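# Examination of the molecular architecture
Each chain, letter by letter, is given below.
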Amino acid sequence: MIRVVLPAHLRTLAHVNGEVTLELAVPPTVRSVLDELEARYPMLCGTIRDHDTLQRRAFLRFFACAEDLSHESPDTLLPPEVAAGTEPFLIIGAIAGG
Amino acid sequence: MSKVRVLVGTKKGAFILSADGKREKWEVSGPHFAGWEIYHLKGSPVDPNRIYCSQTSGWFGQIIQRSDDGGKTWFQPGTPPGETKTPDGTPKGESNKFKYDVSKETGAPLTTHQFYDGTQHPWEFKRVWHLEPSHTDPNVVYAGVEDAALFKSTDGGQNWRELSGLRGHGTGPQWQPGAGGMCLHTIILDKKNPNRIYIAISAAGAFRSDDAGKTWKPINQGLVSQFIPDPNAEVGHCVHHVAMHPSKPDTLFMQKHWDVMRSDNAGDRWHEVSGNLPTDFGFVIDVHAHEPETIYVAPIKSDGEHFVPEGKLRIYRSKSGGNEWEALTKGLPQSDCYVNILRDAMAVDSLDSCGVYFGTSGGQVYASSNAGDSWAPIVRDLPGVLSVEVQTLP
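Because the structure is predicted, anything quoted here is derived from the model rather than measured.

Analysis parameters
- Residues numbered from 1 in each chain as written.
- Chains lettered and ligands numbered in written order.
- Predicted model: local features only at pLDDT ≥ 70, side-chain atom pairs only at ≥ 80, totals over all residues.
- Helix = DSSP H or I, 4+ residues; strand = E, 2+ residues; numbered from the N terminus.
- Rg over C-alpha atoms; globule rule 2.2 N^0.38 Å.
- Contact = placed C-beta atoms within 7 Å.
- Buried ≥ 20, exposed ≤ 12 C-beta atoms within 10 Å, placed from the backbone.
- Nonpolar A, V, L, I, M, F, W, Y, C, P; charged D, E, K, R; others polar.
- Pairing = 2+ DSSP bridges.
- Axes fitted to C-alpha atoms, helices over the stretch in contact; angles between N-to-C directions.
- pLDDT = per-residue confidence, 0-100.
- Arc of directions from axis to C-beta.

### Examining the overall build of chain A
Helix and strand counts for chain A come out as three helices and five strands. Going from N to C terminus, chain A has its helices and strands arranged as β-α-β-α-β-β-α-β. Its C-alpha atoms give chain A a radius of gyration of 12 Å, near enough to 13 Å, the size a compact globule of 98 residues would have. Counting only C-alpha atoms, chain A reaches 35 × 25 × 25 Å along its principal axes. In chain A, the share of contacts with a sequence separation of at least 24, taken over all contacts with a separation of at least 6, comes to 54%.

Put into structure tokens, the structure is as follows:
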């Protein structure tokens, strides 16, 4: 089980409260987690990464286990704690604007 | 008794203001989509309970929302509330997918456009500025986007297809962004001639299609803009807004960056009608619901000072289609007021005594139930207003 923490505005769009939990049939990477997240919550398509290029939107960051994974390859395995569900995968909105 | 519903897009959410035909007591609903920029909401003329909404964010991009119950509940087209998948598990809800058409069959080459620094820059989708529902089919809606292009949906906003003849008509490399971005902000559908569409872009100019959006021609003759190398160029003009009365579809009124303009031949030739306005810079322009020669503008001090002149909030009305203007001030602040009125932030209702509405950068929405003779605020303290539309309901 993978735990994902979404920014508040995306929780509203997805009609969820609190963390989202996902079951993955493949090893967890940023790509596989986002693929499953968008499959479960298609209204999030395009809000975290571009529809076509799958590039992360500029003002979003990916954190886990106190590490910034935003610039890692999307196919890099996530930390074991995330795979085990003891730590969440965090999607964070950059602190910008007002 | 008739009712009116005012749809207000703001920098931090949408609001719906409702009143009966007297337009004295108002109910305020919102914020809807709190915290998001709502560039525009507009109802279908065919089914007033069908409302389309452009919800956008620098963080999360573009969302299209739709209501089928007059704004009580909303959903992303293709993804009804509480339902995230089709029965077979196929994801739905890509209503925010605005992809420029570069296909060999129907698309146009994805050229570059001129950037602020004069260099060429690739087209990048940013947001939807304006949604224009069809006069005949509630599932047909047009979207004007930044970077400038026109999209059309025929399935209620679920899927969008670019009408690429506009972006690809040839002058794209000369288009350039205004201060607010390179946006297609005005879409006018001619009710009498379904094949005719007008659009306007900052800063490219106005364009017309006579074949339902397949091909386009620039309609900017007569516009003079000192900020481009050739002030009389075919394109490059910063058109802020265009308005038309449905009974006189060949007559167009334009608020340009500077200058209020008029055309009586469907945009083929424009002439200036700024007349005695205190300043002819501004963003918004609109036409009285029943008097095609009565028009409204909100003069703004200058391109460098985007607020009303002399600290006085004045709407100007011309009953002669321009040139002779009168200031409308009753009920509006006449001292220490420094707000702006953006290009999509004025609308009229179609009650017998025409109502006029506008919203300000200071979060006020003002209404006049007597065609502008007097005004009263509906609300005073919303987030900055980006757009105002009105629905007149039976």
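### Considerations on the overall build of chain B
Helix and strand counts for chain B stand at zero helices and 29 strands. Relative to its length of 394 residues, chain B is compact, with a C-alpha radius of gyration of 20 Å against a globular reference of 21 Å. Counting only C-alpha atoms, chain B reaches 60 × 50 × 40 Å along its principal axes. The 394 residues of chain B split such that 52% are buried.

### Some remarks on the interface of chain A and chain B
At the interface, 20 residues of chain A touch 20 residues of chain B. Every element with two or more residues in the side of chain A that touches chain B is listed here: α1 (8–14) and α2 (30–40) of chain A. Partitioning the side of chain A that touches chain B into residue classes produces nine nonpolar, seven polar and four charged.

### Structural notes on the sheet that holds strand β2 (residues 13–20) of chain B
Residues and elements named next belong to chain B. Spatially, the four strands line up as an open sheet ordered β3-β2-β1-β29, and their pairing is antiparallel. In this open sheet, the two edge strands, each paired with only one partner strand, are β3 (27–32) and β29 (385–393). Taken pair by pair, the neighbouring strands of this sheet meet at an average axis angle of 15 degrees, ignoring direction. As paired strands, strand β1 (residues 3–10) and β2 are joined by eight bridges and run antiparallel to one another. Looking at the pairing, Leu-7 lines up with Ile-16 of β2.

### A closer look at the environment of A:Leu10
Mapped onto the elements, A:Leu10 comes out in helix α1. For A:Leu10, a count of 24 C-beta atoms within 10 Å corresponds to the buried category. Separated by 82 residues in the primary sequence, A:Leu10 and A:Ile92 have C-alpha atoms spaced 10 Å apart. Ignoring sequence-local partners within four residues, the contact set of A:Leu10 consists of A:Leu44, A:Thr47 and B:Phe60.

### A few points about the sheet that holds strand β6 (residues 61–67) of chain B
All names here are of chain B. In space, the three strands of this open sheet follow the order β4-β5-β6, with antiparallel pairing throughout. Sheet topology places β4 (37–43) and β6 at the edges, where each strand pairs with a single neighbour. The average angle at which neighbouring strand axes cross in this sheet is 15 degrees, direction not considered. With six bridges connecting them, β4 and strand β5 (residues 51–57) associate as antiparallel partners. Looking at the pairing, Gly-43 lines up with Ile-51 of β5.

### Let's talk about the confidence of the model for chain A
Low pLDDT marks stretches whose predicted atomic positions should not be read closely. Chain-level pLDDT for chain A is 93 on average; 97% of the residues reach the 70-or-more range. The secondary structure element of chain A with the lowest average pLDDT is α1(A), at 93, and the one with the highest is strand β1 (residues 2–5) of chain A, at 98.

### Topic: α2(A)
When we look at burial in α2(A), the residues that qualify are A:Val30, A:Val33, A:Leu34, A:Leu37 and A:Glu38. Each buried residue of α2(A) lies within a common arc of 125 degrees when the element is viewed along its axis, so the set occupies one face.

### What to know about the environment of A:Thr76
Residue and element names in this part refer to chain A. In this fold, Thr-76 is placed in the loop between β4 (67–68) and α3 (80–84). With 11 C-beta atoms packed within 10 Å, Thr-76 lands in the exposed category. In this structure, the C-alpha to C-alpha distance between Thr-76 and Arg-31, residues 45 residues apart in sequence, is 8.6 Å.

### A closer look at the confidence of the model for chain B
Mean pLDDT over chain B: 93, with 95% of residues reaching 70 or higher. Interface predicted TM-score (ipTM) for the complex: 0.89; the corresponding pTM is 0.94.

### Comments concerning the pairing of strand β19 (residues 260–263) of chain B
Residues and elements named next belong to chain B. The alternating pattern of β19 places Val-260 and Arg-262 on one face and Met-261 and Ser-263 on the opposite face, and all of these are buried. When strand β18 (residues 252–256) meets β19, the two strands line up antiparallel, connected through four bridges. Considered in β19, the bridge of Gln-255 is made with Val-260. Between β18 and β19, which follow one another and run antiparallel, lie three residues, and Asp-259 among them has a positive phi close to 95 degrees.

### Some words on the environment of B:Gly282
Residue and element names in this part refer to chain B. Looking at where Gly-282 falls in the secondary structure, it is placed in strand β21 (residues 281–287). Given 27 C-beta atoms within 10 Å, Gly-282 falls into the buried group. Between the C-alpha atom of Gly-282 and that of Pro-299, which follows or precedes it by 17 residues, the distance is 4.9 Å. Setting aside residues no more than four positions away along its own chain, Gly-282 makes contact with His-240, Gln-255, Val-297, Ala-298, Pro-299 and Ile-300.

### What to know about unusual backbone geometry
Cis peptide bonds are those with omega within 30 degrees of zero, and the linkage from B:Gly30 to B:Pro31 qualifies with 0 degrees. Cis geometry marks the peptide bond from B:Ser202 to B:Ala203; its omega dihedral reads -5 degrees. Counting through the fold element by element, B:Ala203 comes out in the loop between β14 (197–202) and β15 (205–209). The phi angle at A:His15 is positive, at roughly 60 degrees, despite the residue not being glycine. Here A:His15 lies in the loop between α1 and β2 (20–22). On the neighbour-count criterion, A:His15 (14 C-beta atoms within 10 Å) is partly exposed. For B:Arg23, which is not glycine, the phi dihedral falls at a positive 60 degrees. Within the secondary structure, B:Arg23 is located in the loop between β2 and β3. Under the C-beta neighbour-count criterion, B:Arg23 is labelled buried, with 23 such atoms within 10 Å.

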